[in-house]
Amino acid sequence: PSGPTIISAGELLVEFVSHRKGCGLEVVSEYSGPYPSGAPAIFIDQAARMGAATGFYGTVGDDGFGRSLVARLREDGVDTSGISTDPDRTTGTAFVSYYEDGSRTFIFHLKDTAAEAISFSAEDLPDGELILHVSAASLGAPKLRNVIVQAVEAVLARGGRISCDPNARPELMRDDAARQALQEIVEQSWCLMPSTSDLGYLFPGLGEAAAIERMLSAKAEIIALKRGAEGATLISQGQRFDIAPHKVEELDPTGAGDGFCGTFVGLLAQGVSLEEAGRRANAAGAIAVTRRGPMEGNSSPEEIDAFLAAENTRA
Ligand code: ATP
Ligand code: MG
């Protein structure tokens, strides 16, 4: 692969998805899984599928869940040498159930699992130009936060760039340390990819245009605004592209944001233009919501080509 190496660090977990809407994780229903998951893992898997050089730092347990995670990432081209196995902890897990209105409820088991037992040292970083991606969801757990903040500092010290999905969760933002870490990382980021719903947490009281101005007044050179079923907007150095959404049937939206970000950064790293990277990321996000399982929604360049071609003939 050409271009900088994209790395990410954070929680590795497997997810079980309830097939019945509205069961709220409270009644017996059918589930499928274990699906590979963890926001930074979905991101890095998709960046690798786009052909970028990639590596991941995280920890799994010595169990089938952990082995399936590492195997998937490796198959898809991620350098997994930064993933360690903790013999004393089990792999992180999550359960999710959807409601009829599209909202969802999660139960996460991350605390005291291998997911939080990650370590990192600057010597572990690959040689050459680096982009470190931070998924803000990881910053809520103190152990993950410490390691990610260290990684950000190490990559910046090396002259590398930071990309960030500031997927602010209300629970996360109530924690002052998490909020502060996120704010510092946002200010240090070269590429920011918030969803519209994140803007209110990040920039309370500011409208969309003012929030974008605020981001561009710091270090950010590229902004991708994720609009869910409304598509996406890409902004950089006086350019702006509003990308119309694809019409799809939403089966499982979890992971669409991470797949969007992985496509976008993975392509930018290989020199693809802002508009083309955004157009393909918008398609990757749309494909992702049609498939059950958070990382199952990730797609290959060929699948994205075919999806875009089919859309064109319909229009
Ligand atoms: P997550 O819910 O995983 O945190 P997110 O909020 O970060 O995701 P979304 O905006 O939901 O991200 O989705 C990312 C992108 O995927 C959107 O900007 C859009 O391009 C595409 N997308 C998501 N949902 C749909 C949809 N229902 N129809 C068409 N495209 C979609
Ligand atoms: Mg969403």
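See the structure above.
A brief structural summary. (Residues numbered from 1 in each chain as written. Chains lettered and ligands numbered in written order. Predicted model: local features only at pLDDT ≥ 70, side-chain atom pairs only at ≥ 80, totals over all residues. Heavy atoms only, no water.)

Quick notes on the sheet that holds strand β6 (residues 92-98)
Within a sheet, adjacent strands bond to each other through the backbone by hydrogen bonds, running parallel or antiparallel. Spatial strand order, β3-β2-β6-β7: four strands in an open sheet with mixed pairing. Strands at the two margins of the open sheet, each flanked by one partner only, are β3 (31-37) and β7 (104-109). When strand polarity is set aside, the average angle formed by the axes of neighbouring strands in this sheet is 20°. Note: strand β2 (residues 13-18) against β6, five bridges, orientation parallel. Within the sheet, the bridge partner assigned to V17 lies in β6 and is V96. Here helix α2 (residues 64-75) sits on the sheet in contact with β2, β3 and β6, set at roughly 100° to β2. (Pairing = 2+ DSSP bridges. Helix = DSSP H or I, 4+ residues; strand = E, 2+ residues; numbered from the N terminus. Axes fitted to C-alpha atoms, helices over the stretch in contact; angles between N-to-C directions. Contact = heavy atoms within 4.5 Å.)

What about the packing of aromatic side chains?
All chains considered together, the criterion is met by six aromatic pairs. Arranged with centres 4.9 Å apart and planes meeting at 20°, the rings of F106 and F108 form a pair that is stacked. Through successive ring pairs, a cluster of aromatic residues spans F16, Y31, F65 and F95. Over the ring of W190 we find R161, and its NZ or CZ is 4.5 Å from the ring centre. (Phe/Tyr/Trp six-rings, centres within 6.5 Å; stacked < 30°, edge-to-face > 60°. Lys NZ or Arg CZ within 6 Å of the ring centre and 35° of its normal.)

Some words on helix α1 (residues 39-49)
Among the 11 residues of α1, 10 are classified as buried, and the element is accordingly described as predominantly covered. Taken together, the buried positions of α1 are A39, P40, A41, I42, F43, I44, D45, Q46, A47 and A48. Looking at the residues trailing α1, positive phi occurs at G51, about 100°. (Buried < 20%, exposed > 50% of the residue type's maximum accessible area, 1.4 Å probe, protein only.)

Looking at the pairing of strand β11 (residues 222-226)
Burial of β11 is extensive: five of the five residues sit out of reach of the surface. Judged from the two bridges that link them, strand β10 (residues 191-192) and β11 form a sheet pairing that is parallel. The residue of β11 that forms the bridge with C191 is I222. Where β11 lies against strand β12 (residues 232-236), five bridges are found, and the strand directions are antiparallel.

Here we look at the site of ligand 1
Close contacts around ligand 1 come from 20 residues, with K226, G228, G231, E250 and N282 the closest. Backbone polar atom of R227 to an oxygen atom of ligand 1: 3.3 Å apart, as the coordinates give it. Within the side chain of E250, an N or O atom sits 2.8 Å from a nitrogen atom of ligand 1. Protein chains bury 89% of the 620 Å² of accessible surface belonging to ligand 1 in isolation. Listing elements by their share of the shell around ligand 1, those giving two or more residues are α8 (256-268) and α9 (274-289). Per element, the largest residue contribution to the shell around ligand 1 is four residues, and it comes from α9. Of the residues contributing to the shell around ligand 1, the split by class is seven nonpolar, eight polar and five charged. (Near = heavy atom within 4 Å. Polar contact = N/O pair within 3.5 Å; in protein donor to acceptor, adjacent residues only side chain to side chain. Areas by Shrake-Rupley, 256 points an atom, 1.4 Å probe, with all protein chains shown as cover. Nonpolar A, V, L, I, M, F, W, Y, C, P; charged D, E, K, R; others polar.)

Comments concerning α8
With 13 residues, α8 extends 18 Å between its outermost C-alpha atoms, agreeing within 8% with the 18 Å of an ideal straight helix rising 1.5 Å per residue. The buried fraction of α8 amounts to 12 of the 13 residues, a majority that puts the element mostly inside the structure. Taken together, the buried positions of α8 are A256, D258, G259, F260, C261, G262, T263, F264, V265, G266, L267 and L268. (Expected span 1.5 Å × (residues − 1).)

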